[in-house]
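# Structural overview for review
As a plain string of letters, each chain reads:
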Amino acid sequence: MADTKIKETRYVGVKETLAYGFANAGQVFGYNLVAGGYLSLFFTKVFGIPAGAVGTMILILGIWDTVNDPLMGSVIDKTRSRYGKLRPYLMLVPLPLSICTIMLFAGPEILADAKSTTVKIVYMYISYIVWEFFYTLGDVPFWSLSTAISPSPIDRTRVISSARFISGILGGFATTFLVVMMDLSNSGAWKITLSQDFLILAVIAGTLGMGLFSLAGFKTKERVVQTEKEPSVFEGFKVLFKNKPLLLIIIANVIGSLGGLAGVFQTYYYSEVLNLNSAVLWINLPGTIFGFLTYLLIPKLKKKFDNRQIVMLNLVCRLVTGALVFVCGLSFYNSNVLAVSILLMIQNFIFSFFNTINMIIPTEMIGDTVDYMEWKTGQRNEAVSFSVLTFIGKLTGSVSTSIGTTLLPIIGLSFVEDPVSGASVAVKGEHTDLWIWALFILIPQILGFISIIPYFFYDLKGEKLARIRSELKERRKQKTKDVSQGGGENE
């Protein structure tokens, strides 16, 4: 049964909603160069670092994120300033993150004459760790703001939808440009190398992208504020273990993190099986267009289903679709570009509806857990709670990229330098293409489906959630009244 509808006042105007959306677009433009298999491809094929070293580094940092992100969230929750507890970080982070993004992808150019693999590995570790630090310092308060920006669930849906919609268009240009530039470089149509392709886009991400990201700090407001009491870092960290609905979301997403293998092997499928990176553009186009239209369907969908049901329906649909596409494509996945394009278009068209939903609903659910803890304890811990969202995203990326990269030599894929041209050339085994097809289409959906189990125990929905929201609304009104009369804490 869908959540009971509550009439809400609108606090966030169109300009602020758009500012939040464009800020996310700027952030995502740079992140898309790191997401999925592009980081793996960059380090292995472009930078020339062994797959095992790349996989090990990404796995180590993924494990570190399980502690680092909530710890960073605890520090942010302690912040008290005239600008709020979240916006100060969003004002300060874009500049250093800009520099780090450029330096991350500048390695092959800076070390173009380096013969030592060890030197490259050291550069990879330092540049990625520093980039990761500043990205976390910006990402945690950004998504925390989606809850603090307004006490109204309707407002929150609007700003989250704005962020996902605009970033889906503008942020998506990063990978659109990248795959086209890579094909042009590979074909010799222009004299720009693969390493320069990545660096050019990194400079755009670090300048224009981070300029847009700064809008989140300078053009938004925090309307749901904390009590004046500052929680200790340890108290903030403990909230994760007191919040049962949040723990269930964490467990589900940790279980489903291996579903991210699809993104990793999508990159290798187009690059090394079809040998046409830009094929992803026309294959994804119908689904991308339909995905944008599904934003209009979200209010109607939420009238029929609650958030938990929507997430579970997504997992079932993806498993069934993935299995059918894998079987149907077995006879031509590596030989008929036209046929496989049509098949993948159909798959992506189906997935696009749930992809759009999946970008909004989990964020809303974490916002609900913040309200739940305020209702239960009187304290709001947006940063710690939303550090889960950033941690989950990075865990999925880290685990899947690490395991996917480590699997490359196991499935028979390696890269060697052509002695004549100096370019990196793929060497494949007899069944390498089949393994890439399976790891792109079927295996991630099977692994991701297991994450449905914790949602059977998630009960922050329906009448219970409506009651919590109603009671919180009355409490806030009463506290505002107490403050105006000279008593109580400001919240």
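Preceding block: the structure.
Here we summarise the structure given alongside this text. Worth saying up front: this structure is predicted, and the values here are computed from it rather than measured. (Residues numbered from 1 in each chain as written. Predicted model: local features only at pLDDT ≥ 70, side-chain atom pairs only at ≥ 80, totals over all residues. Heavy atoms only, no water.)

### Thoughts on the overall build of the chain
Broken down by element type, the chain carries 22 helices and 2 strands. In the chain, buried positions account for 54% of the 491 residues. A sequence separation of at least 24 residues applies to 84% of the contacts in the chain between residues at least 6 apart. (Helix = DSSP H or I, 4+ residues; strand = E, 2+ residues; numbered from the N terminus. Buried < 20%, exposed > 50% of the residue type's maximum accessible area, 1.4 Å probe, protein only. Contact = heavy atoms within 4.5 Å.)

### Structural notes on the side chain of S185
Mapped onto the elements of the fold, S185 is located in helix 9 (residues 173-187). We classify S185 as buried; its relative accessible area is 15%. For S185, the residues in contact, after removing those within four places along its chain, are W190, I192, T193, L194 and D197.

### Observations regarding the pattern of salt bridges
Summed over the entire model, instances satisfying the criterion amount to 8 salt bridges. With a closest N to O distance of 2.7 Å, R223 and E16 form a salt bridge. Of the two residues, R223 is situated in the loop between helix 11 (215-218) and helix 12 (233-242) and E16 in helix 1 (residues 14-31); the sequence distance between them amounts to 207 residues. Residue R223 is classed as partly exposed on the basis of its relative accessible area, which comes to 28%. Classification of E16 as buried rests on a relative accessible area of 9%. (Salt bridge = Lys/Arg side-chain N within 4 Å of Asp/Glu carboxyl O.)

### A look at the environment of L258
Along the chain, the position of L258 falls in the loop between helix 13 (244-255) and helix 14 (261-273). When its relative accessible area of 24% is taken as the criterion, L258 is described as partly exposed. For the pair L258 and L447, spaced 189 residues apart in sequence, the C-alpha to C-alpha distance is 6.1 Å. Dropping the residues within four chain positions of it, L258 is found in contact with V399, I403, P444 and L447.

### A look at the side chain of E364
Mapped onto the elements of the fold, E364 is located in helix 18 (residues 337-377). Apart from the residues lying within four places of it in its own chain, the contact partners of E364 are T157, I160, K302 and N307.

### Let's talk about the packing of helix 17 (residues 307-328) against helix 18
Put simply, helix 17 and helix 18 touch, their axes get as near as 9 Å, and they point 155° apart. Taken together, the axes of helix 17 and helix 18 lie roughly antiparallel to each other. Every pair of crossing elements has a handedness; the one defined by helix 17 and helix 18 is left-handed. Each residue belonging to the contact of helix 17 with helix 18 can be placed in one class, and the counts come to 14 nonpolar, 7 polar and 4 charged. (Axes fitted to C-alpha atoms, helices over the stretch in contact; angles between N-to-C directions. Parallel < 35°, antiparallel > 145°, perpendicular 65-115°, else oblique. Left-handed = near helix turned anticlockwise from the far one by under 90°. Nonpolar A, V, L, I, M, F, W, Y, C, P; charged D, E, K, R; others polar.)

Read these as spatial facts, not as claims about activity.
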